[in-house]
Amino acid sequence: MSAYRFRTGKLQQISLGGISLPETGSQYWRLFFAYNGSDTISASRIQMFAATLAEGGAASTTDLATGRTGDVIVSSATRFTPGDGFPGNLVDVSSSSFWQATTTTNAWAGINFGEPTVIRGVSVSSRGGGFGQSQSPRALRVDKSDDGVSWTTEWDQGDIGTWSTAVGQTKRYDIPS
């Protein structure tokens, strides 16, 4: 028997000792941000990709999250209408807009894709205006869910290092298979 894995926009056949297991993806994906110990968590943008940079091709650079303003899910937000702090700002193309959590604890932001989706890479961009260091997360974890309630950790990056104060500094991570 064979198993199949979704890679770069198509199914690829792989062998797993005679067991057939299709990789079907999950409907909900989120980036869990560890509190930075300084201020509330904020971000200018999140991106989610169907392939890793090493796999290449259009799927490694095409962001599946951009433009999905109505599909953004968050742990909290300073506002739920358009403007500074609005969750939908995470998936627009502006480097000056941002989402901001309401608490000084861990926070998360993600996408309800509406159907099972395979994510192989993610990125997060910091908020500018002098808030890049104080409001950016210190660690990152990628979680997935089929129902938006029960979450499974897909990958834990851990510490993501120091952020600059530059507008929209972006950190990209591939999710190991």
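For the structure, check the block above.
The structure displayed is predicted, hence computed values, not measured ones. (Residues numbered from 1 in each chain as written. Predicted model: local features only at pLDDT ≥ 70, side-chain atom pairs only at ≥ 80, totals over all residues. Heavy atoms only, no water.)

A. Up close: the overall build of the protein. For the protein, the helix and strand inventory stands at one helix and twelve strands. Listed by position from the N terminus, the elements making up the protein come as β-β-β-β-β-β-β-β-β-α-β-β-β. By the burial criterion, 44% of the 177 residues in the protein qualify as buried. Carbon together with sulfur atoms contributes 50% to the accessible area of the protein, which is approximately 8100 Å² in total. (Helix = DSSP H or I, 4+ residues; strand = E, 2+ residues; numbered from the N terminus. Buried < 20%, exposed > 50% of the residue type's maximum accessible area, 1.4 Å probe, protein only. Areas by Shrake-Rupley, 256 points an atom, 1.4 Å probe, with all protein chains shown as cover.)

B. View of the nonpolar core. The biggest cluster of nonpolar side chains holds 29 residues, and the ones touching the most others in it are Leu31, Phe33, Ile46, Met48, Leu90, Trp99 and Val122. Here Leu31 is in contact with Ile46, Met48, Ala107, Trp108, Ala109, Val122, Ser123, Leu140, Arg141 and Val142, once residues within four sequence places are set aside. (Core = buried A, V, L, I, M, F, W, Y, C linked by side-chain atoms within 4.5 Å. Contact = heavy atoms within 4.5 Å.)

C. Representation of the sheet that holds strand E12 (residues 170–174). One open sheet accounts for three strands, arranged E5-E9-E12; its pairing is antiparallel. The outermost strands of the open sheet, each flanked by one partner alone, are strand E5 (45–49) and E12. Each strand of the sheet is rotated relative to its neighbour by a mean of 10 degrees, with strand direction disregarded. Where E5 and strand E9 (residues 121–125) come together, five bridges link them in antiparallel fashion. Bridged to Ile46 within E9 is Val124. (Pairing = 2+ DSSP bridges. Axes fitted to C-alpha atoms, helices over the stretch in contact; angles between N-to-C directions.)

D. Quick peek at the environment of Thr40. By the secondary structure assignment, Thr40 is in the loop between strand E3 (26–34) and strand E4 (42–43). Measuring from C-alpha to C-alpha, the distance between Thr40 and Thr103 comes to 5.8 Å, with 63 residues separating the pair along the chain. Not counting residues up to four positions away in its chain, the partners in contact with Thr40 are Gln100, Ala101, Thr102, Thr103, Thr104, Ser134 and Gln135. Side chain to side chain, Thr40 and Gln100 meet in a polar contact 2.7 Å long. (Polar contact = N/O pair within 3.5 Å; in protein donor to acceptor, adjacent residues only side chain to side chain.)

In short, shape yes, function no, at least from these values alone.
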